[in-house]
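Per-entry structural report
Now for the letters of each chain:
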Amino acid sequence: MTLDIARIRKDFPVLEQQVYNKPLIYLDSAASSQKPLAVLKKEEQLHLQYYGNIHRGAHYMADKATLDFEAVRDQVKAFIHAGYREEIIFTKGTTESINLVAFSFGEAFIHEGDEIIVSEMEHHANIVPWQMMAARKGAQVRVLPFDDAGRLMIEKLDELINEKTRLLAVCQVANTLGTVNPVQKIIEKAHARGVKVLVDGAQAVNHLPVDVVALDADFYAFSAHKMFGPNGVGVLYGKKELLDQMPPYQGGGEMISEVSFEATTYNELPYKFEAGTPNITGVIAFGEAIAYLENLGIAAIAEHEHRLLNYATEKLMEIPGMTIYGTQPDKSGVITFNVEGIHSFDLSTMLDKMGIAVRSGRLCADTVMQHYQVSGTIRISFGVYNTQDEIDQFIAALKKLVTMLS
Ligand code: PMP
């Protein structure tokens, strides 16, 4: 199905503005996507009509907010094809979801001398929590490398995994290279050796259909704000039998069953992992984002983004001195690059003044920068609302700047 992008853009009024007297071209959706009106209106409706604290059902508004909040849990369960609603834990983002597992799985299952594997192409959010856990438990973090084309070298897993390996953490889609990793195959290999797998789905959920049961992922983490939803909301999916064996991550209201100074008992899943008042507004509005995505269809969105990816890649390659990081073919709508002799920060600052929003710097992926021995890069990334015309304008602006700065 071909999407009507002009109509879709009407759902995102923020895009129809001028910055520095230039029409805005937003090419930073991998950092955070813009939000459709349905999401913004839901937040407003909640606050105008029935905002109340959830799970404390003392009155009409609290009850209604609770029902809406819990309905989104069911929506998320269906969206990622999880088996049980208790396996869906709301967090404040991918980062918190991974920290939760690193702490709690670490407490239950990681002992001195154990090993965990992370890939070389991870976002800092899928490296640092494991390093912190390893330091606490006396464990070791080992690295699954990628090749220069941006392909994960999964053949190395056979030698990396040993009897001390407890968990492997890998992204489904890399935020810098755009690589779509063969996570199903990786999970199969890991499980064959008794190793659990956490998949960072932050860049995947809005580009690929995700089925956590078919993947057989033990944990799957993602953020609402990269899929048209509000910021400050994330999801951790975890297999029930694992979550049941893991201790709570944070203590407080809601996560308890009974509290006394002698013996406190914990709530059942998923509430055991949801201490305190959650982002009620964000979660409820997230439901609208999922509905919006499902209505457009992930496959149709992916097809549109792929067209933009191929077109932009071809045009970028015409620019002298261009290096694109991540050239293997299985990519999502992300292009990270440098132009020889021009600093990425200078280029992004000047693009910004021309109305073009891109990301520059180390992209929260220092290990990727180290792989290519660069101090920074520029990244463009696409959302469903981007057009080929915007790519043309971006390429024209870039060519002008490259001529000026070379
Ligand atoms: N992992 C990946 C692959 C990401 O792209 C990001 C966001 N840039 C994160 C983790 C962290 O997500 P958040 O900041 O929403 O917690």
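Residues numbered from 1 in each chain as written. Predicted model: local features only at pLDDT ≥ 70, side-chain atom pairs only at ≥ 80, totals over all residues. Heavy atoms only, no water.

Every α-helix carries 3.6 residues per turn, so stepping three or four residues along brings you back to the same face. Taken together, the buried positions of helix H7 (residues 183–192) are occupied by Val183, Ile186, Ile187 and Ala190. For H7, the buried positions fall inside an angular range of 100° around the axis, keeping them on one side. Looking at H7, the residues exposed on the side facing more than 90 degrees away from the buried face are Glu188 and Ala192. As for H7, its buried residues are in contact with helix H6 (157–160), strand E7 (165–171), strand E8 (196–200) and helix H8 (212–215). One or two residues past the end of H7 sits glycine 194, with phi positive at roughly 75°. (Buried < 20%, exposed > 50% of the residue type's maximum accessible area, 1.4 Å probe, protein only. Helix = DSSP H or I, 4+ residues; strand = E, 2+ residues; numbered from the N terminus. Arc of directions from axis to C-beta. Contact = heavy atoms within 4.5 Å.)

On to the layout of surface pockets, then. The calculated volume of the largest pocket comes to roughly 330 Å³. With three residues, helix H4 (residues 94–109) is the single largest residue contributor to the lining of the largest pocket. Each residue belonging to the lining of the largest pocket can be placed in one class, and the counts come to 10 nonpolar, 10 polar and seven charged. Each of domain 1 (5–30 + 297–405) and domain 2 (40–294) gives at least three residues to the lining of the largest pocket. What the second largest pocket holds in volume is close to 210 Å³. Contributing to the lining of the second largest pocket are 16 residues, with Phe90, Thr91, Glu96, Ala275 and Pro278 lying nearest its centre. Those elements that place two or more of their residues in the lining of the second largest pocket are strand E4 (88–91) and H4. The residue inventory of the lining of the second largest pocket, partitioned by class, reads seven nonpolar, six polar and three charged. (1 Å grid on protein atoms, 1.4 Å probe; cavity = no way out; pocket = protein on both sides within 12 Å on 5 of 7 lines; lining within 4 Å. Points joined across faces, edges and corners; volume = space filled by probe spheres on them. Nonpolar A, V, L, I, M, F, W, Y, C, P; charged D, E, K, R; others polar. Domains from an automatic or database assignment.)

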